[in-house]
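# Breakdown of the fold
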Amino acid sequence: MVSCNPAGEMDLVAAVRLRRKLRLLHVDLIHAHTSHALALAVLATVGSSIPVVASRRVDVPFRGSTASRWKYSRAAVVVAVSEAVRDVLVRGGLPPEQVTVVYDGVDLERETVPASPGELAGLGVPEGAPLAIQVAQMAWPKDPLTFVRATVQARRSVPALHGLLVGEGGERAAVERTIAELDAEAFVHLAGHRADADALLAAADVVVLSSRGEGMGSVLLDALMMGRPAVGTRAGGIPEVLVDGESGLLTPVGDAAALGTAMVRVLLEPGLADRLAAEGRKRAQYFSMARTAQATLAVYRRVLLERQLL
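Below or above, wherever it landed, is the structure these notes cover. (Residues numbered from 1 in each chain as written. Predicted model: local features only at pLDDT ≥ 70, side-chain atom pairs only at ≥ 80, totals over all residues. Heavy atoms only, no water.)

### Thoughts on the overall build of the protein
A tally of regular secondary structure across the protein gives 13 helices and 10 strands. Scaling as 2.2 N^0.38, a compact globule of 310 residues should have a C-alpha radius of gyration of about 19 Å, and the protein matches this with 21 Å. Principal axes of the C-alpha set define a box for the protein whose edges measure 65 × 40 × 35 Å. Residues counted as buried form 50% of the 310 residues belonging to the protein. Within the protein, residue pairs in contact and separated by at least 24 positions form 65% of the contacts whose partners lie at least 6 positions apart. With the model as given, the accessible surface of the protein reaches about 14600 Å², and the carbon-plus-sulfur share is 53%. Treating the 33 positive side-chain charges of the protein as one cloud and the 33 negative ones as another, the clouds have centres 9 Å apart. (Helix = DSSP H or I, 4+ residues; strand = E, 2+ residues; numbered from the N terminus. Rg over C-alpha atoms; globule rule 2.2 N^0.38 Å. Buried < 20%, exposed > 50% of the residue type's maximum accessible area, 1.4 Å probe, protein only. Contact = heavy atoms within 4.5 Å. Areas by Shrake-Rupley, 256 points an atom, 1.4 Å probe, with all protein chains shown as cover. Lys, Arg positive; Asp, Glu negative; His and termini not counted. Charge placed at Lys NZ, Arg CZ, Asp CG, Glu CD.)

### Quick notes on the pattern of salt bridges
Across all of its chains, the model carries 12 salt bridges by this definition. Linking aspartate 198 and arginine 110 is a salt bridge whose minimum nitrogen-to-oxygen distance equals 3.4 Å. Taken together, the residues span a long stretch of sequence, with aspartate 198 in helix 8 (residues 197–202) and arginine 110 in the loop between strand 4 (99–101) and helix 5 (117–121) at a distance of 88 residues. Between arginine 194 and aspartate 196 there is a salt bridge, with the nearest N and O atoms lying 2.8 Å from each other. For aspartate 196, a relative accessible area of 23% gives the class partly exposed. Bridged by salt links that share partners, the residues Arg110, Asp198 and Asp222 form one connected network. (Salt bridge = Lys/Arg side-chain N within 4 Å of Asp/Glu carboxyl O.)

### Observations regarding the sheet that holds strand 2 (residues 52–56)
The sheet built from four strands is open, its strands ordered 1-2-3-4 with parallel pairing. Looking at which strands have only one partner, the edges of the open sheet turn out to be strand 1 (30–32) and strand 4. Adjacent strand axes in the sheet meet at a mean angle of 25°, parallel and antiparallel pairs treated alike. Bridge analysis of strand 1 against strand 2 gives three bridges, and the strand direction is parallel. Bridging across to strand 2, histidine 31 finds its partner in valine 53. Where helix 13 (residues 289–306) meets the sheet, its contacts fall on strand 1, strand 2, strand 3 (77–80) and strand 4, and the angle it forms with strand 3 comes to roughly 170°. (Pairing = 2+ DSSP bridges. Axes fitted to C-alpha atoms, helices over the stretch in contact; angles between N-to-C directions.)

### A word on the packing of aromatic side chains
Under the criterion given, the structure shown has three aromatic pairs. Between tyrosine 286 and phenylalanine 287 the ring centres are 5.1 Å apart and the planes differ by 90°, which places this aromatic pair in the edge-to-face class. For phenylalanine 287, a relative accessible area of 1% translates into the label buried. Put simply, the rings of Tyr103, Tyr286 and Phe287 pair up and form one aromatic cluster. (Phe/Tyr/Trp six-rings, centres within 6.5 Å; stacked < 30°, edge-to-face > 60°.)

Printed below as a string of structure tokens:
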């Protein structure tokens, strides 16, 4: 591993340092996995024959940013994490042939031990209570307020239901206010950032993702792999992960009532949770890490062949 320690994406000193390392190590291709990393990679390869591959993981438009368009236009290929992200990039001005989709992968061999009743009790969830969990940053695109409202809605049909939000972010104060306004402190719990998020997810009766914007929703891949029934919105790439009515349930963005109803269906409709879990495990095979690695390698080979470097 080589550290460049950039002070920012336009750090020329770090770019020069990276350029020297690229030459020293005889690097044939550089893959930038974030927007800031891409800026640094582009600066480091200006005037060289080293192609840059860029990854784009969010369905956020360029918002008229000339700098963003410039650095992404410099990439030989932009790898979008979903068709939804690809559509955003093409609408933002990138040529369709420059953008390809490689889905995130999930480790199908990973074994996760669900959190114990005692561990859940430590977070406020009584033993045996039906549990809805959302593992996501508390940020506007993830729409945690809709998760809170949906849990309140679902409690009308499943009075024992508890909701658990795992993650931190700038929306936490708004979430806390909403929980207080809805008198939901007794059954909606905030776990904050947790190193054991996987174990908590594996203990869920229903995994929820209430996003307004979502590149793909990688946490849903974990839910599929673990065999946990999942409910999500139709934001971004989520419908590419969850097939509505087969491997999950989808609801309109921002519709807490619909999301709550879907949660209730999973918890109460006979056989539904088991059917979604079984289909979810099958669906997870499509997103194996091996497939992601093979598709990424195919991008590298294509770029190198086009540049006659392979």
